[in-house]
Every structure is written in structure tokens, then in C-alpha cells.
Amino acid sequence: MTGSQRREQLVDIGRRLFAERGVEGTTVEEIAAAAKVSKPVVYEHFGGKEGLYAVVVDREVQQLLGLITSQLVADARPRVLLEGAALALLDYIEQHPDGFRILVRDSPVAQSTGTFSSLLGDTATQVEHVLVDAFAARGLDRRTAPMYAQMLVGMVAMTGQWWLDSRRPKKAEVAAHLVNLAWNGLSGLEPKPRLTRRR
């Protein structure tokens, strides 16, 4: 293997082990054994388990943030934006369950710092920019947009954590219910919510 191929192999193995056991439950010895290399090879490429973990987390964060922010286009209707962001997170969970487990296991939403919390903060900031314009257009107080952005992103993230293991109901139905609650509120829930755009 070339150096870059070995590095990618170690990233893949580290990703799998971190998803199964968490960063604290994984050792350099286990990573090296799974890759059929000696421990010094892991240290040579990443400086240790923490360096490998940082690379894995950075890749997952970039992938998830890219999926979500690609849905947050300024000229879309607010409900469509919400649908897109909810579906993007659920798509990521469906396609990359190990990556999502890594992000939520070692940096839970409840913490004010940490990878997943930081990712949610970045996403909420982008949602906030969209909401400010939407609030202004509807005569709502623009100063409340940051609070609503946090609520929306937090609701979707917590539901995503629950759906990661249950996988029921189907993704589109979960997204429709998320949008239903966010869009209509508890007092205006639609009895059978559906997404306005089809996939």
C-alpha cells in the first residue's frame, strides 16, 4: 500500500471502531490489529488515536454540513427550506449511520461545546440568516430569528438521533411530521402531514 492508501485504510477502520465503541472505548492496539499493521504505523500517520479521531470527525462534519447547507438557498420558500434541511439530515443518517453515531456519541447535543454541538450551531446560524428575511417579510420580529433557528435545528437533530436506531416510520414521513410541527405548531397540526415536494 502507498502511504495515502494506508492512511485511508486507517481512517476507514477508525471510523468503524469509533462508531461501534466510541473514542474512549477504542485503542490504538485495536486500530492497528484491524489494519494488520504495527502501532507505530498509526502513530506515524496520525500521532495517535486522537489525531485519527479528529480526521474522522472533520470529514463527517464537512459532509453533513455540506448536505444541510446545500438545502438552505435564500430564494426558496421557508417551508421548502425546512423540508430540505430535515431531509438532508435524515439522508445523512440513512446513508452514513456510523458517521452520525460518531458525531452524537462523543459530543452530545446537550453540551455547549463539542463537535456535534458546534455543527448544530453552524447550521443554526445559516438557518437564522434565512429566517431573518422570512420574518421581515411577514412582519415578525427579526430579533427572534436566532432563537427560532436554534429551536428548529435542535428539534430536527434530536429527532434524527431517535430515528437513527428506530428507522420507523419511513424517512419522508418523519420529515413530514417534523415540518408539520415546526410549520403549524401544536395547535395547528395537520392530521396527515405530507411534504410539499416529492423525491
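Residues numbered from 1 in each chain as written. Predicted model: local features only at pLDDT ≥ 70, side-chain atom pairs only at ≥ 80, totals over all residues. Heavy atoms only, no water.

- Naming follows an unreviewed UniProt entry, where the chain appears as TetR family transcriptional regulator of Aquipuribacter nitratireducens.

**Considerations on the packing of aromatic side chains**
- Summed over the entire model, instances satisfying the criterion amount to two aromatic pairs.
- Note on F18 and Y53: the rings are 5.2 Å apart at their centroids and 90 degrees apart in plane angle, and the pair reads as edge-to-face. Note that F18 is positioned in helix α1 (residues 3-21) and Y53 in helix α4 (residues 49-69), a separation of 35 residues in sequence. For the residue pair F18 and Y53, the accessibility class agrees, reading buried in each case.
- It is R167 that lies over the ring of W163; its NZ or CZ is 5.1 Å from the centre. (Phe/Tyr/Trp six-rings, centres within 6.5 Å; stacked < 30°, edge-to-face > 60°. Helix = DSSP H or I, 4+ residues; strand = E, 2+ residues; numbered from the N terminus. Buried < 20%, exposed > 50% of the residue type's maximum accessible area, 1.4 Å probe, protein only. Lys NZ or Arg CZ within 6 Å of the ring centre and 35° of its normal.)

**What about helix α2 (residues 28-35)?**
- Among the residues of α2, V28, I31, A32 and A35 are the ones counted as buried. What you see down the axis of α2 is that its buried residues fit within an arc of 95 degrees, all on one side.
- K36 sits one or two positions beyond α2 and adopts a positive phi of about 60 degrees. (Arc of directions from axis to C-beta.)

**Thoughts on helix α8 (residues 145-166)**
- The end-to-end C-alpha distance of α8 is 32 Å, a good match for the 32 Å that 22 residues give at a rise of 1.5 Å each.
- For α8, every residue scored as buried is listed here: A145, A149, L152, V153, V156, A157, T159, G160, W163 and L164.
- Downstream of α8 by one or two residues, R167 has phi in the positive range, about 55 degrees. (Expected span 1.5 Å × (residues − 1).)

**Here we look at unusual backbone geometry**
- With an omega of -5 degrees, the peptide bond between R168 and P169 qualifies as cis.
- Among the structural elements, P169 can be located in the loop between α8 and α9 (171-184).
- Its identity as a non-glycine residue notwithstanding, K36 has a phi of 60 degrees, on the positive side.
- One non-glycine residue with positive phi stands out, namely R167, at about 55 degrees.

**A closer look at the layout of surface pockets**
- Taken as a whole, the largest pocket encloses approximately 710 Å³ of empty space.
- Every residue lining the largest pocket is counted, 33 residues in all, and those nearest its centre are L82, L131, Y148, L152 and A182.
- The leading source of residues in the lining of the largest pocket is helix α7 (residues 115-137), at nine residues.
- Tallied by class, residues from the lining of the largest pocket come to 28 nonpolar, four polar and one charged. (1 Å grid on protein atoms, 1.4 Å probe; cavity = no way out; pocket = protein on both sides within 12 Å on 5 of 7 lines; lining within 4 Å. Points joined across faces, edges and corners; volume = space filled by probe spheres on them. Nonpolar A, V, L, I, M, F, W, Y, C, P; charged D, E, K, R; others polar.)

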